[in-house]
Amino acid sequence: MSASLTKLETLAIHGGKPVREKLLPYGRQSLDDSDICAVIEVLKSDWLTTGPKIGEFEERFASWVGARHAISFSSGTAALHGTAFAAGLGPGDEAITTPMTFCATANCILYQGATPVFADVSHDTLNLDPQKVSPKLSSRTRAIIAVDYAGHPVELDELDELAKRHKALLIEDASHALGAEYRGKRVGGIADMTVFSFHPVKHLTTGEGGMVTTNDARLAETLRRFRNHGIGSEARARQEAGQWFYEMVLLGFNYRLTDIACALGLSQLEKLAANLARRREIARQYTAAFRDLSAFTAPAVRDDVNPAWHLYPIRLNLQMLTSGRAEIFRALRAENMGVNVHYVPVHQHPYYRERFPSQENYPVAEDAYERLISLPMFHSMTAQDVEDVIHAVGKVVDHYRKA
Ligand SMILES: Cc1ncc(COP(=O)(O)O)c(C=O)c1O
């Protein structure tokens, strides 16, 4: 759609015809008959939870990402809590993390009674910047918890080196990045522990669900116990051995993922490669279509990564526009584009402001937050959906572009 054509269109927010009749969400699951059959099969079986599907899903997942161990959890948040526990975080300890994330990333530090220390992000990727992490490291640092924002891997080698120098662990929150590649390797087997989320907007869904992958057998054992009340043995193993005795060896939680969810996860895993390919194709089309639009910046991709594209966040160049993000967001919504904003920087949430009133500023994250808009991005988007997004963005941005 050329600029001169879009200029003629009245915006839906001003009473014009919206680009779409119904809202296109920013993300959603796609389930097919094979997913539904896999779940029904488990519903008819003996094991709804603590059964054989859990180990099967964990093994297949570990092998898919290239890690030795995978431990399933009831959500990505529970999985993050597991990693904070396994890293030994406790009162008096610190973990360094990013403000540009969903609050669960930092909350897991608080669950363990430790203190989150934020470091600012890199301007291009909005991922934790190793140079900003370095001065925050101290004898209290037990972990660096980095996020692959939008599905673009963080600088894992640099962060790992910083963590090792301080005898801290590197935890990668790859909730956005299942299937992403860093220097030729899939994320999941690189950091000390990697966390994934299976929420419906993600690449693979189990409804709610999460996973931690690691190559460290000791961490894997702690994680398995933590998600099962701190109990050392599994119920099915005891039943099969004809034994009843069990012991609780640490204070854990019931963070188990059910067999119902794992059956769905196994079935979804079959489609993961195709889902990733589709998301990469959509990102390619967006980036090509937006190449000549200077009113916003499309997401950057560094040379040594292949992102998984959970999100496609654009950043408005406000100095070139006649309105701010709020008005442009409303105009896109009026076109029935289910745009969103990722994220309110964590330290700006009221809970964090009240609990840590002396927080410093994180200028890159704060500036990005004022300008971010996530466009629809999910693997079942049709060619028409993609065209509609490109049309709506061109129409709205062109209207608000300074002459
Ligand atoms: C970066 C990040 N970390 C953690 C989570 C929490 O995952 P879950 O919703 O599975 O608990 C999310 C959820 O969207 C997320 O985006």
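Here the structure is shown first, and the text comes after it.
Just so you know, these numbers come straight off a predicted model, no measurement behind them. (Residues numbered from 1 in each chain as written. Predicted model: local features only at pLDDT ≥ 70, side-chain atom pairs only at ≥ 80, totals over all residues. Heavy atoms only, no water.)

Colleague: Would you mind showing me how to read the packing of helix 11 (residues 272-289) against helix 15 (residues 383-400) here?
Modeller: The interhelical angle for the contact between helix 11 and helix 15, taken along N-to-C directions, is 30°, at an axis separation of 10 Å. Relative to helix 15, the element helix 11 is oriented roughly parallel. Pair helix 11 / helix 15 crosses with right-handed handedness. Only A383, V386, V389 and I390 of helix 15 make contact with helix 11, whose side of the interface consists of R278, I282, Q285, Y286 and A289. (Axes fitted to C-alpha atoms, helices over the stretch in contact; angles between N-to-C directions. Helix = DSSP H or I, 4+ residues; strand = E, 2+ residues; numbered from the N terminus. Parallel < 35°, antiparallel > 145°, perpendicular 65-115°, else oblique. Left-handed = near helix turned anticlockwise from the far one by under 90°. Contact = heavy atoms within 4.5 Å.)

Colleague: I keep staring at the site of the ligand and nothing clicks. Help me out?
Modeller: Inspection of the region around the ligand gives 16 residues, with G76, T77, D173, S197 and K202 positioned closest. Within the contact set of the ligand, an oxygen atom lies 2.8 Å away from a backbone nitrogen or oxygen of G76. H176 is positioned with one of its side-chain polar atoms (N or O) 2.9 Å from an oxygen atom of the ligand. Protein chains shield 90% of the accessible area of the ligand, which is 390 Å² for the free molecule. When residues of the shell around the ligand are traced back to their parent elements, those giving at least two are helix 4 (76-86) and helix 5 (104-111). Counting residues per element, the shell around the ligand draws most heavily on helix 4, at three residues. Residue classes in the shell around the ligand are distributed as five nonpolar, nine polar and two charged. (Near = heavy atom within 4 Å. Polar contact = N/O pair within 3.5 Å; in protein donor to acceptor, adjacent residues only side chain to side chain. Areas by Shrake-Rupley, 256 points an atom, 1.4 Å probe, with all protein chains shown as cover. Nonpolar A, V, L, I, M, F, W, Y, C, P; charged D, E, K, R; others polar.)

Colleague: Help me understand the environment of A220 in this model?
Modeller: Mapping A220 onto the fold places it in helix 8 (residues 217-226). We classify A220 as buried; its relative accessible area is 3%. Each residue touching A220, except ones within four places of it in the same chain, is listed here: H69, I71 and T214. (Buried < 20%, exposed > 50% of the residue type's maximum accessible area, 1.4 Å probe, protein only.)

Colleague: Looking at this model, I keep getting lost on the nonpolar core. Mind explaining?
Modeller: Generally speaking, nonpolar side chains in soluble globular proteins are found buried as a group. In this structure, F57, F61, V133, I144 and F196 are the most contacted members of the largest nonpolar core, which totals 43 residues. Looking at this core, the elements that each hand over two or more residues are helix 3 (52-65), strand 4 (141-147), helix 7 (156-165), helix 10 (259-269) and helix 11. Looking at this core, the element that brings in the most residues is helix 3, giving six residues. Beyond its immediate stretch of four places on either side in the chain, F57 contacts F198, L204, T206, M211, L257, C262, G265, L266 and L269. (Core = buried A, V, L, I, M, F, W, Y, C linked by side-chain atoms within 4.5 Å.)

From the geometry alone we can't say anything about function, so treat these as descriptive.
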